[in-house]
Amino acid sequence: MSTTPRGLAALAGITAAAVAIGVAEPVAVLTGPRSAPLIAVGGLVVDVVPEPLKQFAITLFGTYDKIALLVGTALLLAAFAALLGLLAVRRLWIGLAGIAAFAALGVAAALTRAGADAADALPSLVGAGLGGLVLWAFLAGPLEVDPWPWTPPTPPPGPSTPPPAPGPETPDLETAGSAPADPHAGSSGSVDADPAGPVPIDAGAVGGPASVTGPPAGWEPLESTDPESRRRFLRGVGALAGAAAVAGLGGHWLAGRRGVSAAREAVTLPAPSAAAPAVPAGADLSLAQLAPYVTPTSGFYRIDTALVVPQVDPETWRLRIHGRVRNPIELSFADLLARPMVERYVTLACVSNEVGGDLIGNARWLGVPLKELLDEADPEEGADQVVGRSVDGWTCGTPTAVLRDGRDALLAVGMNGEPLPVEHGFPARMVVPGLYGYVSACKWVTELELTSFADFDAYWVPRGWSAQGPVKTQSRIDTPRPRNRLTTGPVMVAGVAWAQHRGVSRVEVRVDGGPWREATLAPTVSVDTWVQWSWRWDATPGEHILQVRATDATGEPQTGREQPVEPDGATGWHTVKVTVR
Ligand SMILES: Nc1nc2c(c(=O)[nH]1)N[C@H]1C(S)=C(S)[C@@H](COP(=O)(O)O)O[C@H]1N2
Ligand SMILES: [Mo]
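What counts, and at which threshold
Residues numbered from 1 in each chain as written. Chains lettered and ligands numbered in written order. Predicted model: local features only at pLDDT ≥ 70, side-chain atom pairs only at ≥ 80, totals over all residues. Heavy atoms only, no water. Helix = DSSP H or I, 4+ residues; strand = E, 2+ residues; numbered from the N terminus. Buried < 20%, exposed > 50% of the residue type's maximum accessible area, 1.4 Å probe, protein only. Polar contact = N/O pair within 3.5 Å; in protein donor to acceptor, adjacent residues only side chain to side chain. Core = buried A, V, L, I, M, F, W, Y, C linked by side-chain atoms within 4.5 Å. Contact = heavy atoms within 4.5 Å. Pairing = 2+ DSSP bridges. Near = heavy atom within 4 Å. Areas by Shrake-Rupley, 256 points an atom, 1.4 Å probe, with all protein chains shown as cover. 1 Å grid on protein atoms, 1.4 Å probe; cavity = no way out; pocket = protein on both sides within 12 Å on 5 of 7 lines; lining within 4 Å. Points joined across faces, edges and corners; volume = space filled by probe spheres on them. Nonpolar A, V, L, I, M, F, W, Y, C, P; charged D, E, K, R; others polar. Domains from an automatic or database assignment. Expected span 1.5 Å × (residues − 1). Phe/Tyr/Trp six-rings, centres within 6.5 Å; stacked < 30°, edge-to-face > 60°. Salt bridge = Lys/Arg side-chain N within 4 Å of Asp/Glu carboxyl O. Patch = residues over 30% accessible without salt bridge, like charges linked within 9 Å, V, L, I, M, F, W, Y side chains within 5 Å. Axes fitted to C-alpha atoms, helices over the stretch in contact; angles between N-to-C directions.

- Per an unreviewed UniProt entry, the chain carries the name DMSO/TMAO reductase YedYZ molybdopterin-dependent catalytic subunit and comes from Micromonospora palomenae.

**Let's talk about the side chain of Q385**
Right, so step 1: Mapped onto the elements of the fold, Q385 is located in strand β7 (residues 385-390).
Right, so step 2: For Q385, a relative accessible area of 1% corresponds to the buried category.
Right, so step 3: At 3.2 Å, the side chain of Q385 forms a polar contact with the backbone oxygen of S452.

**A closer look at the nonpolar core**
Right, so step 1: Grouped together as the largest cluster of nonpolar side chains are 85 residues, with contacts concentrated most on I321, L336, W365 and V413.
Right, so step 2: Not counting residues within four places of it along the chain, the set of residues in contact with V413 comprises L269, F333, L336, L337, M341, L366, G367, E418, P419, L420, P427 and A428.
Right, so step 3: Core analysis: the next-biggest nonpolar cluster, separate from the first, contains 23 residues, L8, A9, A128 and F138 among them.

**Quick notes on the sheet that holds strand β16 (residues 517-518)**
Right, so step 1: Ordered by their spatial adjacency, four strands build an open sheet running β16-β15-β19-β20, and the pairing between neighbours is antiparallel. With one partner strand each, in any of the chains shown, β16 and β20 (575-580) form the two edges of the open sheet.
Right, so step 2: One ladder, built from seven bridges, connects strand β15 (residues 504-511) with strand β19 (residues 542-552); its direction is antiparallel. Bridge assignment links V504 to a residue of β19, and that residue is D552.

**Some thoughts on the site of ligand 1**
Right, so step 1: Ligand 1 sits among 19 residues. The nearest are Y301, T305, H424, R429 and K443.
Right, so step 2: Here an oxygen atom of ligand 1 sits 2.6 Å away from a polar atom, N or O, in the main chain of Y301.
Right, so step 3: Within the contact set of ligand 1, a nitrogen atom lies 3.2 Å away from a side-chain nitrogen or oxygen of S390.
Right, so step 4: Relative to its unbound accessible surface of 530 Å², ligand 1 loses 99% to contact with the protein.

**Considerations on empty space enclosed by the protein**
Right, so step 1: Throughout the structure, instances matching the rule amount to three cavities of 30 Å³ or more.
Right, so step 2: Size it by volume and the largest cavity reaches roughly 90 Å³.
Right, so step 3: Residue lining of the largest cavity: A349, C350, V351, N353, E354, V355, G356, Y436, Q474, W498, G569 and A570, and that is the complete set.
Right, so step 4: Split by residue class, the lining of the largest cavity holds seven nonpolar, four polar and one charged.
Right, so step 5: Counting only domains with at least three residues in the lining of the largest cavity, you end up with domain 2 (297-463) and domain 3 (474-580).

**Concerning the pairing of strand β9 (residues 410-415)**
Right, so step 1: The buried fraction of β9 amounts to six of the six residues, a majority that puts the element mostly inside the structure.
Right, so step 2: Sheet topology places strand β6 (residues 360-369) next to β9; five bridges connect them, and they run antiparallel. If you follow W365 over to β9, its bridge partner there is M415.
Right, so step 3: Sheet topology note: the β9/strand β11 (residues 429-431) ladder contains three bridges and is antiparallel. In the sheet register, L410 faces β11, and the bridge partner there is V431.

**With respect to helix α2 (residues 37-48)**
Right, so step 1: Helix length check: α2 (12 residues) gives 16 Å between terminal C-alpha atoms against 16 Å at 1.5 Å per residue, within 8%.
Right, so step 2: Buried within α2 we find P37, I39, A40, V41, G42, G43 and V46.

**Thoughts on the packing of aromatic side chains**
Right, so step 1: Per the stated rule, a full pass over the model turns up 12 aromatic pairs.
Right, so step 2: Here Y293 and Y345 contribute two aromatic rings whose centre-to-centre distance is 6.5 Å and whose plane-to-plane angle is 45°, an arrangement assigned as tilted. Here Y293, found in the loop between α10 (261-265) and β3 (318-323), pairs with Y345, found in strand β5 (residues 342-349); they are 52 residues apart in sequence, far enough to count as distant.
Right, so step 3: Classification of Y293 by relative accessible area gives buried; the value is 1%.
Right, so step 4: A relative accessible area of 10% places Y345 in the buried class.

**Description of helix α6 (residues 122-139)**
Right, so step 1: The terminal C-alpha atoms of α6, which comprises 18 residues, lie 26 Å apart, in line with the 26 Å expected from a rise of 1.5 Å per residue.
Right, so step 2: Of the residues making up α6, those classed as buried are P123, S124, G127, A128, G131, G132, V134, L135, W136, A137, F138 and L139.

**Describing the pattern of salt bridges**
Right, so step 1: Overall, the coordinates contain 22 salt bridges when judged by the stated rule.
Right, so step 2: Residue E381 is joined to R326 by a salt bridge in which the shortest nitrogen-to-oxygen separation is 3.9 Å. In this pair, E381 is assigned in the loop between α12 (370-377) and β7 and R326 in the loop between β3 and β4 (329-332), connecting sequence segments 55 residues apart.
Right, so step 3: Exposure remark for R326: the relative accessible area of 48% places this residue in the partly exposed category.
Right, so step 4: A salt bridge links K371 to D375; its shortest N-O distance comes to 3.0 Å.

**Here's the deal with the pairing of strand β14 (residues 489-498)**
The two faces of a sheet get side chains in turn, since along a regular strand they alternate between them.
Right, so step 1: For β14, a buried count of eight out of 10 residues is recorded, marking the element as mostly surrounded by other parts of the structure.
Right, so step 2: When strand β13 (residues 474-479) meets β14, the two strands line up antiparallel, connected through five bridges. Across the sheet, the residue bridging to Q474 is W498, located in β14.
Right, so step 3: Here β14 pairs with strand β18 (residues 531-539) via nine bridges, running antiparallel. By the bridge assignment, G489 is partnered in β18 with A539.

**A short note on a nonpolar patch on the surface**
Right, so step 1: Taken together, the side chains of L76, F80, L83, L87, F102 and L105 present a nonpolar region at the surface, about 520 Å² in accessible area.
Right, so step 2: Among the secondary structure elements, those contributing two or more residues to the nonpolar patch are α4 (65-90) and α5 (92-111).
Right, so step 3: Considering every element that reaches the nonpolar patch, the biggest residue donor is α4, with four residues.
Right, so step 4: Looking at the secondary structure, you find L87 in helix α4.

**Details of the environment of P280**
Right, so step 1: Of note, P280 is situated in the loop between α10 and β3.
Right, so step 2: The partly exposed category is assigned to P280, whose relative accessible area is 25%.
Right, so step 3: C-alpha of P280 to C-alpha of T524: the two residues are 244 residues apart in sequence and 6.5 Å apart in space.
Right, so step 4: Beyond its immediate sequence surroundings of up to four residues, P280 is in contact with P523, T524 and V525.

**Thoughts on the sheet that holds strand β8 (residues 395-399)**
Right, so step 1: Spatially, five strands are ordered β4-β3-β12-β7-β8 in an open sheet, and the strand pairing comes out mixed. Of all the strands in the sheet, just β4 and β8 have a single pairing partner and so form its edges. Across the sheet, the mean angle separating the axes of adjacent strands is 15° when strand polarity is ignored.
Right, so step 2: In this structure, β3 lies alongside strand β12 (residues 445-451), joined through four bridges in parallel fashion. Residue R320 lies in a different strand from β12, and its bridge partner there is E447.
Right, so step 3: Each of β3, β4, β7 and β12 touches α12; the most contacted strand, β4, lies at about 140° to it.

Take a look at the structure:
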């Protein structure tokens, strides 16, 4: 192996960081996964990162944006750790201070999360402590390898001053000449501070404490480090990196086992007192490439700010309906399941869905009508906003009037006939037909607080998104797709259109900017779901542009004006370019 001495120093820094992150994981099994430093800092980044950057990440990585964030954070951390290793060779305290700074960041991030307590500081503190120990061991302790190896010159005859050393390091001005030198500059301080610690192997040879960086004048750099100490060093790296990986992965696995999937499987959902209407025959055209009318749960889009999925024990879960109400309510999961449930198909859409995008899905939700719960709580006049608050502190703000206007707004516990999947909000979430998810669909919901729009901004509002988020009328061409090989003759053009709670009355398609042609609408369950549409096209050879637009049941056509997703949902006509041979 041809690692340079500096490479070894960088490796020491990275290994120390890996140990810090790795050992924090098993600690986080006790204190909760959100207290693990990488997750805590990542969560902080999610909350504070400027919105355009986040939107860019979503566009770039789609629903993998979280993995991208964690990998990015880890790479950045590795780069800093390598730098710290290099600096620590000259001044061990710089490395230790750097680790302390990272620990402070981890602690701050963990403690500022919703529902954090003092114990959440532990993973970062324990990790940083061991990381610091590792750095010390490599650079001044038992695993030390001399990163700037020098060989003493043959003693110069007479009193003449030795020539300045050629070498990678020039001595610091303030310390120049204060020989005798210890090439592990900076380490001496820490060795002194820790009398119990092993003394660097050659510190004694060069005499007392010294702070000269680089070789003393006249010393010659060696070709490479002493092979024996290098081997010891690399063995140490291997062993510690392995231990960090075992601790990290083991801890992660253990934390997963402490999740609520078993509790979820033990839930038996009650039969609905009001069943969902049957899906009419023909609602699903069953075309390849066309989104199925009912989205399978496994294919349902997932959007949230949670880096680790909240694991909420249904035994301890509570829903509090409070704030500006005359009759505050608190419900357990058992209380909730004991109430009459309705089952409804509702199409949920994300405000971040681009024109033609797939951040939309239709599912069968089982739950308690929010109107009934709110009527019981009896909101005060002027409490025009219901703030849904998740166990992780995320909030959304929904107009009280919308929740009470008779639509099937649900506090849902079931999705497509099963308890909510953990990542879709187990044990309970909100589902409100006609509103984008960010203003209505609170997952892992634990509070409904009655307030006013004037008095409270929910999570996305100060980040530049509109406080009001009714779903805009939209339509999408699912087939054909741009890369399909089309042949001259009849081609089935089909897709979905939605205008939740208003309903879609018409869908039209046009080719190459020609006249709009009316597509056939498939039957649908209700105005709260999307609808499939199809249109038979007599395709002619060449390149063509297909476009679609929908009209809602109020007669309002979908606008062709192109608008970005921010602040309240994208507009424009989905346009697909195809080639026919
Ligand atoms: N707790 C919580 N609930 C949340 C969110 C979130 O970030 N945290 N995101 C909302 C957004 S923006 C959308 S579009 C829907 C998505 O729900 P899904 O992941 O079940 O598809 O959840 C909503 N509920
Ligand atoms: Mo969303």
